[in-house]
Amino acid sequence: GIVVKKKIKIDIPQLIFYNPNFILNQISNIYRRRYNIKMLAITGSCGKTSINSIVYNIIKKKYKVLYQKINFNNEIGISKTILNALGILSIVQHK
């Protein structure tokens, strides 16, 4: 099924919510807790991509790590990444 703000003409089950981004975040939080997914946030105004790569190459030697080469730096980026990694989500937004 899909989470949408208003019903769209498509033949799949739809969960209609006023704020689908909020619901998407809630669903990903449930799965993050269920699978005990640890997260590491790297913030700053410059150098994040380089640091991400360095940190990934260090910790992948000991842990199973999801490394996103594509930057989903937006309000649904973390949720999208978690649910895609678990194979739960394949499409987030429909325009």
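Reading the values: the criteria
- Numbers given to residues run from 1 along each chain, matching the order in which its sequence is written.
- Per-residue local features are limited, in this predicted model, to residues with pLDDT of at least 70; the limit for side-chain atom pairs, both in listing and counting, is 80 or more; totals at the level of whole chains, interfaces and linings are taken over all residues.
- Just so you know, side-chain values use all the structure's heavy atoms and leave hydrogens and water out.
- Secondary structure is summarised from DSSP: a helix means a run of H or I of at least four residues, a strand means a run of E of at least two, and numbering begins at the N terminus for each.
- Contacts are residue-level and defined by heavy atoms, with any inter-residue pair within 4.5 Å sufficient.
- In these tables, accessible area is a Shrake-Rupley quantity obtained with a 1.4 Å probe, and a residue counts as shielded only by the protein chains included in the view.
- Pairs of N or O atoms are called polar contacts if they sit within 3.5 Å, as long as, within protein, a hydrogen donor faces a hydrogen acceptor (for residues adjacent in sequence, only side-chain-to-side-chain pairs).
- Note that patches include only residues with greater than 30% relative accessible area and no salt bridge, and the join distances are 9 Å for like charges and 5 Å for nonpolar side chains (Val, Leu, Ile, Met, Phe, Trp, Tyr).
- Only one rule defines a salt bridge in this text: a Lys or Arg side-chain nitrogen within 4 Å of an Asp or Glu carboxyl oxygen.
- The classification of residues rests on relative accessible area computed with a 1.4 Å probe and restricted to protein chains. Under 20% of the type maximum is buried, over 50% is exposed, and intermediate values are partly exposed.

Below, the discussion takes up the overall build of the protein. The number of helices and strands found in the protein is 3 helices and 2 strands. From first element to last, N terminus to C terminus, the protein shows the α and β order β-β-α-α-α. Counting only contacts in the protein whose residues sit at least 6 apart along the sequence, the fraction spanning at least 24 positions is 34%. Carbon together with sulfur atoms contributes 55% to the accessible area of the protein, which is approximately 8100 Å² in total.

Moving on to the side chain of Ser28. Here Ser28 lies in helix α1 (residues 20-34). Polar side-chain contacts of Ser28 include one of 2.9 Å to the backbone oxygen of Asn25. Not counting the four nearest positions on each side in its chain, Ser28 is found in contact with Ser79, Ile82 and Leu83.

With that out of the way, let us pick up a nonpolar patch on the surface. Together, Tyr35, Leu86 and Ile88 make up an exposed nonpolar region whose accessible area comes to about 270 Å². Judged by relative accessible area, Leu86 falls into the partly exposed class, the value being 32%.

Along the chain, the position of Phe17 falls in the loop between β2 (14-16) and α1. The exposure class of Phe17 is partly exposed, given its relative accessible area of 30%. Expressed as a C-alpha distance, the spacing of Phe17 and Lys6, which sit 11 residues apart in the sequence, is 7.4 Å. Those residues in contact with Phe17, other than ones at most four positions away along the chain, are Val3, Val4, Lys5 and Ile23.

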